[in-house]
Amino acid sequence: NPTISPTVSSFPSESPTTSPSISLTPTLSPTLSPTLSPTISPSVSPTTCEARKWFTINGGTACSNGDDYPGTGKRYDFVKECCVVVKLITGSNTCMYKDFCK
């Protein structure tokens, strides 16, 4: 059964009501801000697109500037630099690449 008028209780009712409860009493004190303790180890900011380096992937047959850097090998400032290497390895005039930023 829904209640006719709002009731004041710090505990939830045993059965749900059919409409939301209305609180007529505002919070007595504001929430503390900022937090008392800063984060011990904040997360690292993501790398911006401008700062991403290019590298070869798939055995040197393509380039990427994504988060899949294998940890070894040369990295390049521009996709064109990376593609020179890919073209030499593949003997092709085209270069496949995966641009993380697009």
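One structure accompanies this document, and this report is about it.

Conventions we followed
- Residues numbered from 1 in each chain as written.
- Predicted model: local features only at pLDDT ≥ 70, side-chain atom pairs only at ≥ 80, totals over all residues.
- Heavy atoms only, no water.
- Pairing = 2+ DSSP bridges.
- Helix = DSSP H or I, 4+ residues; strand = E, 2+ residues; numbered from the N terminus.
- Axes fitted to C-alpha atoms, helices over the stretch in contact; angles between N-to-C directions.
- Disulfide = S-S within 2.5 Å.
- Buried < 20%, exposed > 50% of the residue type's maximum accessible area, 1.4 Å probe, protein only.

1. Some remarks on the sheet that holds strand 3 (residues 96-98)
One open sheet accounts for three strands, arranged 1-2-3; its pairing is mixed. A single partner strand is all that each edge strand has here, and the edge strands are strand 1 (55-57) and strand 3. Averaged over all pairs of adjacent strands, the angle between strand axes in this sheet comes to 35°, irrespective of strand direction. As paired strands, strand 2 (residues 62-64) and strand 3 are joined by three bridges and run parallel to one another. Looking across to strand 3, one finds that A62 is bridged to M96.

2. Describing the state of the cysteines
Counted by the stated rule, this structure contains three disulfides. A sulfur-sulfur distance of 2.0 Å marks the disulfide that ties C83 to C95. Judged by the sign of its S-S torsion, about -75°, the cystine formed by C83 and C95 is left-handed. Of the two residues, C83 sits in helix 1 (residues 79-90) while C95 sits in the loop between helix 1 and strand 3, which places them twelve residues apart along the sequence. Both residues of the pair, C83 and C95, count as buried. Looking at the protein, its bonded cysteines, counted consecutively from the start of the sequence, adopt the pairing 1-6, 2-3, 4-5.

Don't take any of this as a statement about function, it's just geometry.
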